[in-house]
Amino acid sequence: MPALVLLGAQWGDEGKGKATDLLGGSVDYVVRYQGGNNAGHTVVVGDQKYALHLLPSGILSPGCTPVIGNGVVVDPSVLLSELSGLNERGVDTSKLLLSGNAHIITPYNVTVDKVTERFLGKRKIGTTGRGIGPTYADKINRVGIRVQDLYDESILTQKVEAALDVKNQILTKLYNRRAIAVDQVVEELLGYADKLAPYVADTVLVLNQALEEDKVVLFEGGQGTLLDIDHGTYPFVTSSNPTAGGACTGAGVGPTKISRVIGILKAYTTRVGAGPFPTELFDEDGEALRRIGGERGVTTGRDRRCGWFDAVIARYATRVNGLTDFFLTKLDVLTGWEQIPVCVAYEIDGKRVEELPYSQTDFHHAKPVYEMLPGWSEDISKAKSFSDLPKNAQSYVKALEEMSGAPISAIGVGPGRDETIEVNSFL
Ligand code: GDP
Ligand code: IMO
Ligand code: MG
């Protein structure tokens, strides 16, 4: 059982942090493979709550080596403050490995993210403003700065010069902003070099050697399938590949090594930022899901948009990720509804459509076709096995499983590590 991928099956915030932490004690490595500190993964251990942005959730499991892979974009100041925040709370972070090939989110990438969004006005994406898109753009444009560049001042200076050449023209002439000085950026970045040095490693080699030794490696996705740059609701997406294939490119591990792909799926749907969302609710049900589910962004503090479960999306996530299992989270939040609507298909221009339309225009026009499932009123937060759940909650899970196309192997009934029903073992 060498490598598993754990990823978001919707628009992010499905409970990946909790699910990763649950497996953390049984795996040797937990690897972030894409995204950056746009992610906010919550882990609750006993009475302690942690919000992780860049660090893999495995950092909280003492036997586990956390790895930031080459596909991640790293803001050094955020990484260092996350590390010191955990150290202050008694968490040992010394095992962390950081890929020398990971790209760095520079201060100018953050500036460009913010000014671009402002310039877009009504058409903005609603990014987290953390510089994610511009950093990946620099990577693809081959003007990015990598972690390894911090250790060669001359190369670093040349690269920052090259990156700022064009950006300063745009900032001053188009956005009416002040130019950014090369020396200042170089000085700031060099200031991180010694502090990051103990963690920098050839993570591709380390992970492949670990797999050869039959160690268990868990890849922890950020964001979610519908935020994927290729497979999500483009352009309302993030700039990386949270889908399963991203784990291979973002960590340098071949697809033949991956034996299991677990989709984290909320028992309803949420989304942060702009973009289409067919089952979004604008009524008191939406408000109730937000309140009961505590649906507020971990990174930006924005209220999450809330809606009913969408089986079309879940089926799509099964397909594009080759999911072998689902981990259904937040079932407890649905306690108390007499009937729970579930979107089983869309109506688009008068036609019933069972699968996610590839056309952006069609998806914008998609209206949910609901099936009503009977609800339950019993408290389920103490349930330890599937049979502890009320009959209607069992039927809800079974119905979702059938519609979504992969077995539901675990069910979350609360935020805590132990508030989980394990149906099939992941390891
Ligand atoms: P992530 O980004 O996918 O890791 O998810 P977030 O941490 O952004 O959001 C998920 C929220 O739901 C967090 O506050 C978790 O503590 C919480 N959570 C996770 N699983 C469950 C669950 O099964 N029940 C309840 N009530 N809360 C959960
Ligand atoms: P986790 O890992 C939910 C959303 C933003 C915006 C879009 C692009 O906690 O699930 P970006 O800053 O990435 O360029 O923003 O993606 N977004 C997330 N939404 N959860 C996340 O991470 C997200 N990371 C980015 O709100 O709509
Ligand atoms: Mg989150």
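Definitions and limits used
Residues numbered from 1 in each chain as written. Chains lettered and ligands numbered in written order. Predicted model: local features only at pLDDT ≥ 70, side-chain atom pairs only at ≥ 80, totals over all residues. Heavy atoms only, no water. Helix = DSSP H or I, 4+ residues; strand = E, 2+ residues; numbered from the N terminus. Rg over C-alpha atoms; globule rule 2.2 N^0.38 Å. Buried < 20%, exposed > 50% of the residue type's maximum accessible area, 1.4 Å probe, protein only. Contact = heavy atoms within 4.5 Å. Areas by Shrake-Rupley, 256 points an atom, 1.4 Å probe, with all protein chains shown as cover. Lys, Arg positive; Asp, Glu negative; His and termini not counted. Charge placed at Lys NZ, Arg CZ, Asp CG, Glu CD. Near = heavy atom within 4 Å. Polar contact = N/O pair within 3.5 Å; in protein donor to acceptor, adjacent residues only side chain to side chain. Nonpolar A, V, L, I, M, F, W, Y, C, P; charged D, E, K, R; others polar. Domains from an automatic or database assignment. Donors = N, O, S within 2.8 Å, 3.2 Å for Na, K, Ca; no water. Patch = residues over 30% accessible without salt bridge, like charges linked within 9 Å, V, L, I, M, F, W, Y side chains within 5 Å. Salt bridge = Lys/Arg side-chain N within 4 Å of Asp/Glu carboxyl O. Expected span 1.5 Å × (residues − 1). Core = buried A, V, L, I, M, F, W, Y, C linked by side-chain atoms within 4.5 Å. Pairing = 2+ DSSP bridges. Buried area = accessible area lost by both parts, 1.4 Å probe.

On a plain count of helices and strands, the protein chain comes out with 12 helices and 20 strands. In terms of C-alpha radius of gyration, the protein chain reaches 22 Å, essentially the compact-globule figure of 22 Å for 427 residues. With respect to the three principal axes, the spread of C-alpha positions in the protein chain is 65 × 50 × 40 Å. The proportion of buried residues among the 427 residues of the protein chain is 57%. Here the contacts in the protein chain between residues at least 6 apart in sequence split such that 76% fall between residues at least 24 apart. Accessible surface, the protein chain: about 17800 Å² in total, of which carbon and sulfur atoms supply 50%. Placing the 43 positive and 53 negative side-chain charges of the protein chain at their respective mean positions leaves the two points 4 Å apart.

Turning next to the site of ligand 2. Around ligand 2, a shell composed of 20 residues is seen, among which Lys16, His41, Thr128, Gln223 and Thr238 lie nearest. The backbone of Gly126 places a nitrogen or oxygen atom 3.4 Å from an oxygen atom of ligand 2. About the coverage of ligand 2: the protein hides 97% of its 550 Å² of free accessible area. Residues belonging to the shell around ligand 2 are distributed by class as follows: 6 nonpolar, 11 polar and 3 charged. When residues of the shell around ligand 2 are assigned to domains, at least three fall in each of domain 1 (3–93 + 202–422) and domain 2 (103–197).

At 2.0 to 2.2 Å from the magnesium ion (ligand 3) lie its protein donor atoms, namely Asp13 (OD) and Gly40 (O). Residue Asp13 is found in the loop between strand 1 (3–8) and helix 1 (16–24), and its partner Gly40 is found in the loop between strand 2 (29–32) and strand 3 (41–45); the two are separated by 27 residues along the sequence. Accessibility expressed as a relative area gives 24% for Asp13, which makes it partly exposed. Residue class for Gly40 comes out buried when judged on its relative accessible area of 11%.

Quick look at a positive patch on the surface now. On the surface, a cluster of positive charge is made up of Lys114, Arg118, Arg177 and Arg178. With respect to the secondary-structure elements, Arg118 resides in helix 3 (residues 107–120).

Residues in close proximity to ligand 1 total 19 residues, the closest being Lys16, Gly17, Gly40, Thr42 and Asp332. Here an oxygen atom of ligand 1 and a side-chain polar atom of Asp13 are 3.0 Å apart. At 2.9 Å, a backbone N or O of Lys330 approaches an oxygen atom of ligand 1. Protein contact buries 93% of the 580 Å² of open area that ligand 1 shows by itself. Going through the elements one at a time, helix 1 and strand 3 are the ones with two or more residues in the shell around ligand 1. Take the shell around ligand 1: its biggest share by element is 3 residues, from helix 1. Grouping the amino acids of the shell around ligand 1 by side-chain chemistry returns 4 nonpolar, 8 polar and 7 charged.

Take a negative patch on the surface next. Judged by side-chain charge, Glu161, Asp165, Asp183, Glu187 and Glu188 come together as a negatively charged surface patch. Listing elements by their share of the negative patch, those giving two or more residues are helix 5 (153–174) and helix 6 (182–196). The element that contributes the greatest number of residues to the negative patch is helix 6, accounting for 3 residues. On the secondary structure map, Asp165 appears in helix 5.

Residues that lie three or four places apart on an α-helix share one face, since the helix turns once every 3.6 residues. The end-to-end C-alpha distance of helix 3 is 20 Å, a good match for the 20 Å that 14 residues give at a rise of 1.5 Å each. Tyr108, Asn109, Val110, Val112, Asp113, Val115 and Glu117 are the residues of helix 3 that are buried. Buried-residue contacts for helix 3 involve strand 8 (103–104), helix 4 (132–140), helix 5 and helix 6.

Our focus in this paragraph is the pattern of salt bridges. All chains considered together, the criterion is met by 17 salt bridges. For Arg417, the salt bridge is made with Asp21, and the minimal N-O distance between the two is 2.6 Å. Taken together, the residues Arg417 in the loop between strand 19 (408–412) and strand 20 (420–422) and Asp21 in helix 1 connect sequence positions 396 residues apart. Among the residues examined, Arg417 registers a relative accessible area of 30% and is labelled partly exposed. Residue classification places Asp21 among the buried residues on the basis of a relative accessible area of 2%.

Now for the nonpolar core. Counting residues in each nonpolar core, the largest one holds 60 residues, and the members touching the most others are Phe219, Leu289, Leu331, Leu334, Leu389 and Tyr396. In contact with Leu289, not counting residues within four places along its chain, are Tyr268, Leu281, Gly294, Glu295, Cys306, Gly307, Trp308, Val333, Leu334 and Trp337. With 39 residues, the next largest nonpolar core counts Val72, Leu98, Ala102 and Val186 among its residues.

All right, on to the pairing of strand 1 then. Most of strand 1 is tucked away, with 6 of its 6 residues classed as buried. Side-chain alternation along strand 1 places Ala3, Val5 and Leu7 on one buried face and Leu4, Leu6 and Gly8 on a second face that is also buried. As paired elements, strand 1 and strand 11 (residues 258–266) share 6 bridges and run parallel to each other. From the neighbouring strand, Leu6 faces strand 11, where its bridge partner is Ile262. As judged from the 4 bridges shared by strand 1 and strand 10 (residues 217–220), these two strands associate in the parallel manner. Among the inter-strand pairings, Leu6 is bridged to a residue of strand 10, identified as Glu220.

To continue, consider the domain arrangement of the protein chain. Bring the parts together and some accessible area is lost; that lost area is often taken as the interface size. As far as domains go, the protein chain holds domain 1 (3–93 + 202–422) and domain 2 (103–197). Averaged C-alpha coordinates put domain 1 and domain 2 at centres separated by 29 Å. On the side of domain 2, 18 residues touch domain 1, which itself brings 26 residues to the contact. Three residues, Val73, Pro76 and Leu80, lead the burial of domain 1 against domain 2; their summed loss comes to 30% of the area buried on that side. On the surface where domain 1 and domain 2 come into contact, there are 0 salt bridges. One can count 7 residue pairs in polar contact (both at pLDDT 80 or more) joining domain 1 with domain 2.

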